[in-house]
Amino acid sequence: MAKDYMVKQNPEYISYIIGLSLAISSSVFIGLSFIIKKKALKRIVAEGNLRASSGGYSYLKEWLWWLGLLTMGIGEGANLLAYAFVPAALVTPLGALSILVTAVLSSKFLGETLHFVGKVGCVLCVIGSIILIVHSPKSDNIKTFSDLVVRLCDTLFMSYVFSIIILFIVVKYWLVPKYGKTNITVYLIICSAIGSLSVVFCKAISLGIRDGINSHESDMFIFWLIFIVAIAGIIIQINYLNKSLDIFNSNIVTPVYYVMFTSLVIVASGILFEEWIYMQIGDIIGCAIGFIILIFAVFTLNLYKATHNIRYKNNIT
């Protein structure tokens, strides 16, 4: 009887392991891509080209930047596949591993020093992420692409989409001109907000690919529409992430982006996929604690940024 139970549970367990492995490998590749692209952007500035943050696109001629983009593409591809096996609320928090990859490699290849306060912030990010992973939902309520198509028209999800669009317009045309080059969160708000939609749409694409989307012609149309919107969202993310990396230390960009991005993805996926409906009170409390720790991490990293800037100015003077 125990053997039959293990056999019955085996497919779900294998699916969980595959999704988890893909998510971990995705974080490694994405963390590496931050380093490669940052190095490319520094090389462009050293050659006297217009910075990406000032509207320059010289990085498009730099092979190292394209290598970083390819590395990120591999990571995002692994992420996309992971969404087909496990919930987005489980995949996304594992992005904390990219923080560790970036922190270690940036000190080796970029000459950036991560001081004690910054290390504390990174550790808090990882602790909060682990707590979220332990207590997050482990299976999806939506199993097929056809079910997802119905959920896309839900009033609450559509309200979230319109809220993101309004946020994007306000930040782009009001906050970016005033604070884009002095406040690390401005560009990353755009990346995270648009990214939260990209993730749930990528989850939809994964389900569509897995199901073969061959049952209804209308599903095919919606699939390609979602695919185009997801690609557009990813392009916007890359553009504003480049601007942020060009201005700020990658040791700070990576964890702050992770915290904001993860929070919004969990909200978006929770609204669309209703992953939280059947959660127990202990798991809800655990997720809340994880979020609180991540909030502390953001404040810690901002404190590190402030002290880092003071030291930098003192060294100049």
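Notes on the structure in this doc start here. Quantities reported herein were computed from a predicted structural model and do not represent experimental measurements.

Procedures and definitions
Residues numbered from 1 in each chain as written. Predicted model: local features only at pLDDT ≥ 70, side-chain atom pairs only at ≥ 80, totals over all residues. Heavy atoms only, no water. Helix = DSSP H or I, 4+ residues; strand = E, 2+ residues; numbered from the N terminus. Buried < 20%, exposed > 50% of the residue type's maximum accessible area, 1.4 Å probe, protein only. Areas by Shrake-Rupley, 256 points an atom, 1.4 Å probe, with all protein chains shown as cover. Axes fitted to C-alpha atoms, helices over the stretch in contact; angles between N-to-C directions. Parallel < 35°, antiparallel > 145°, perpendicular 65-115°, else oblique. Contact = heavy atoms within 4.5 Å. Nonpolar A, V, L, I, M, F, W, Y, C, P; charged D, E, K, R; others polar. Expected span 1.5 Å × (residues − 1). Bend = angle between axes of the 7 residues up to and from the residue. Salt bridge = Lys/Arg side-chain N within 4 Å of Asp/Glu carboxyl O. Core = buried A, V, L, I, M, F, W, Y, C linked by side-chain atoms within 4.5 Å. Arc of directions from axis to C-beta.

Moving on, we get to the overall build of the chain. Scanning the chain from terminus to terminus reveals eleven helices and zero strands. Listing the helices and strands of the chain from first to last along the sequence gives α-α-α-α-α-α-α-α-α-α-α. Expressed as a percentage of its 317 residues, the buried residues of the chain come to 49%. Accessible surface for the chain amounts to roughly 15,700 Å². Of this, 71% is attributable to carbon and sulfur atoms.

Before going further, it helps to spend a moment on the packing of helix H6 (residues 145-152) against helix H8 (residues 184-211). Put simply, H6 and H8 touch, their axes get as near as 9 Å, and they point 150° apart. As judged from the angle between their axes, H6 and H8 are roughly antiparallel. Touching Phe-145, Leu-148 and Leu-152 of H6 are Phe-201, Ala-204, Leu-207, Gly-208 and Asp-211, all from H8. Split by residue class, the contact of H6 with H8 holds six nonpolar, one polar and one charged.

Here Ser-192 is to be found in helix H8. Of the residues examined, Ser-192 reaches a relative accessible area of 0% and is grouped as buried. Discounting residues that sit within four places of it in the chain, Ser-192 has contacts with Tyr-257, Met-260, Phe-261 and Leu-264.

Looking now at helix H7 (residues 155-179). Relative to the 36 Å expected for 25 residues at 1.5 Å per residue, H7 spans 33 Å between its end C-alpha atoms, a close match to the ideal helical length. Taking the largest bend as the criterion, H7 deviates by roughly 40°, centred on Val-171. Inspection of H7 places Phe-157, Tyr-160, Val-161, Ile-164, Val-171, Leu-175 and Val-176 among the buried residues, and these make up the whole buried set.

So, on to the pattern of salt bridges. Per the stated rule, a full pass over the model turns up one salt bridge. For the salt bridge of Asp-154 with Arg-151, the shortest nitrogen-to-oxygen distance reads 3.5 Å. The class of Asp-154 is partly exposed, set by a relative accessible area of 24%. By relative accessible area, which is 16% here, Arg-151 ends up buried.

Ranked by size, the top nonpolar core spans 62 residues in total, and within it Leu-148, Phe-157, Leu-188, Phe-201, Leu-241 and Val-253 carry the most contacts. Those elements that provide at least two residues to this core are helix H1 (2-46), helix H2 (63-83), helix H3 (88-91), H6, H7, H8, helix H9 (217-247) and helix H10 (250-273). A per-element tally of this core places H8 first, with 16 residues. Here Leu-241 is in contact with Phe-34, Lys-37, Met-72, Leu-188, Cys-191, Val-253 and Tyr-257, once residues within four sequence places are set aside.

Our next topic: helix H5 (residues 116-135). Over its 20 residues, H5 runs 29 Å from end to end, which matches the ideal 28 Å to within 8%, given 1.5 Å per residue. Of the positions making up H5, those classed as buried are Gly-118, Gly-121, Cys-122, Cys-125, Val-126, Gly-128, Ser-129, Leu-132 and Ile-133. Projected down its long axis, H5 carries its buried residues within an arc of 165°, all on one side. What points out from H5, more than 90 degrees from its buried face, is the exposed set Phe-116 and Val-134.

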